[in-house]
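# Remarks on the overall topology
In case you want the letters, here they are:
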Amino acid sequence: MTTAAADERSDRELLQAHVDGDADAFGVLFARHRDRLWAVSLRTMGNPEDAADGLQDGMIAAFRRAGSFRGEAQVTTWLHRVVVNACLDRLRAAKIRRFDALPDDVEDRGTLVATATHDDLPDAAAEDAERRQRVLDALATLPADQRAALVLVDMEGYPVAEVAEMLGCAEGTVKSRCSRGRAKLAGLLADLHLPVGDTPHGNQPPDGPVQPTVRPRGPPAP
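Residues numbered from 1 in each chain as written. Predicted model: local features only at pLDDT ≥ 70, side-chain atom pairs only at ≥ 80, totals over all residues. Heavy atoms only, no water.

The protein chain goes by RNA polymerase sigma factor SigM in an unreviewed UniProt entry, where it is assigned to Nocardioides baculatus. Its UniProt record gives the protein chain a comment under Sequence similarities (unreviewed entry), which states: "Belongs to the sigma-70 factor family. ECF subfamily." (UniProt positions renumbered as here; feature names shortened; annotations may be inferred.)

Structure representation (structure tokens):
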């Protein structure tokens, strides 16, 4: 069995090989992008259990619908679109409106959340944890479509144009969802302040996104 690291085929070649009957190709493709797909699923769903279900739904859909891929977008964009749509379907069906606590080894990356660890300062560590949970709780109050747009643009750093492809909507719609979501988060988190000297970075829209800083670990190995 070929590993993702050893296989030199492009994403498109792997997807086509899967369509043509290569039993290993889709597994290699998934392994190549597994961590980032997991990160998007986790932040969209809000807890590891629902994230695992959403990611599984998305991968099953991608596995079955690979033949419908027409090459109009990057394979990674298509995979993210399938996974995000699967997560949104679950959110709408289950009417999930809150985030459960994340595991200790999963760090949110927003600059509204602490950007430094304070292992030697218990009070600071507790404040960081509280701030992180506040952001997650606030994000959970957003409608699913706004949450997905913010996760992809502000936390994962994808360009608006690519997110529009993932979500199957116009770029203006993505911008509008992000703007409305940020406005609501700003109201809910008005009392939170960035640490002194903390400089925002990455994909920086003018009205101030929630910025990620540390990528979470991937899901447990199957």
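Of the regular secondary structure elements, the protein chain holds eight helices and zero strands. Going from N to C terminus, the protein chain has its helices and strands arranged as α-α-α-α-α-α-α-α. A separation threshold of at least 6 residues defines the contact pool for the protein chain, and within that pool the share at least 24 residues apart is 71%. Accessible surface computed for the protein chain: about 11300 Å², of which carbon and sulfur atoms make up 51%. (Helix = DSSP H or I, 4+ residues; strand = E, 2+ residues; numbered from the N terminus. Contact = heavy atoms within 4.5 Å. Areas by Shrake-Rupley, 256 points an atom, 1.4 Å probe, with all protein chains shown as cover.)

The next thing to look at is the packing of aromatic side chains. Applying the stated rule across the entire model yields two aromatic pairs. With a centroid separation of 5.3 Å and 85° between ring planes, the pair formed by F26 and F63 is classed as edge-to-face. With F26 in helix 2 (residues 25-45) and F63 in helix 3 (residues 48-65), this residue pair connects regions lying 37 residues apart in the sequence. The class of F63 is partly exposed, set by a relative accessible area of 46%. Centroid distance F69 to W78: 5.5 Å. Interplanar angle 55°. Geometry classified as tilted. Here the two residues F69 and W78 agree in accessibility, since each one is buried. (Phe/Tyr/Trp six-rings, centres within 6.5 Å; stacked < 30°, edge-to-face > 60°. Buried < 20%, exposed > 50% of the residue type's maximum accessible area, 1.4 Å probe, protein only.)

This part covers the packing of helix 1 (residues 11-19) against helix 2. Contact geometry for helix 1 and helix 2: axes closest at 7 Å, N-to-C directions at 145°. The two elements helix 1 and helix 2 meet at a crossing, and its hand is left-handed. Listed contacts from helix 2 to D11, L14, L15, A17 and H18 of helix 1 are A25, F26, V28, L29, R32 and H33. Each residue belonging to the contact of helix 1 with helix 2 can be placed in one class, and the counts come to seven nonpolar, two polar and two charged. (Axes fitted to C-alpha atoms, helices over the stretch in contact; angles between N-to-C directions. Left-handed = near helix turned anticlockwise from the far one by under 90°. Nonpolar A, V, L, I, M, F, W, Y, C, P; charged D, E, K, R; others polar.)

Attention now goes to the side chain of D154. By the secondary structure assignment, D154 is in helix 6 (residues 144-155). Side-chain polar atoms of D154 contact the side chain of R182, separated by 2.9 Å. (Polar contact = N/O pair within 3.5 Å; in protein donor to acceptor, adjacent residues only side chain to side chain.)

With 51 residues, the main nonpolar core has M59, W78, L79, L152, L167 and V174 as its most contacted residues. Listing elements by their share of this core, those giving two or more residues are helix 1, helix 2, helix 3, helix 4 (75-94), helix 5 (122-140), helix 6, helix 7 (160-167) and helix 8 (171-188). Setting aside residues up to four positions removed in sequence, L79 forms contacts with L29, H33, L37, M59 and A62. (Core = buried A, V, L, I, M, F, W, Y, C linked by side-chain atoms within 4.5 Å.)

Another point: the pattern of salt bridges. Any two side chains of opposite charge can pair, given that their charged atoms come close. For the structure shown, the criterion picks out nine salt bridges. With a shortest N-O distance of 3.2 Å, R36 and E156 are connected by a salt bridge. One end of the pair, R36, is in helix 2; the other, E156, is in the loop between helix 6 and helix 7, and 120 residues separate them in sequence. A relative accessible area of 29% places R36 in the partly exposed class. Owing to a relative accessible area of 5%, E156 belongs among the buried residues under this scheme. The partner of D89 in a salt bridge is R92, and the shortest N-O contact between them spans 3.7 Å. Highlighted residues: D89 and R92, both in helix 4, separated by three residues, approximately one helical turn. The exposure class assigned to D89 is partly exposed, which follows from its relative accessible area of 48%. (Salt bridge = Lys/Arg side-chain N within 4 Å of Asp/Glu carboxyl O.)

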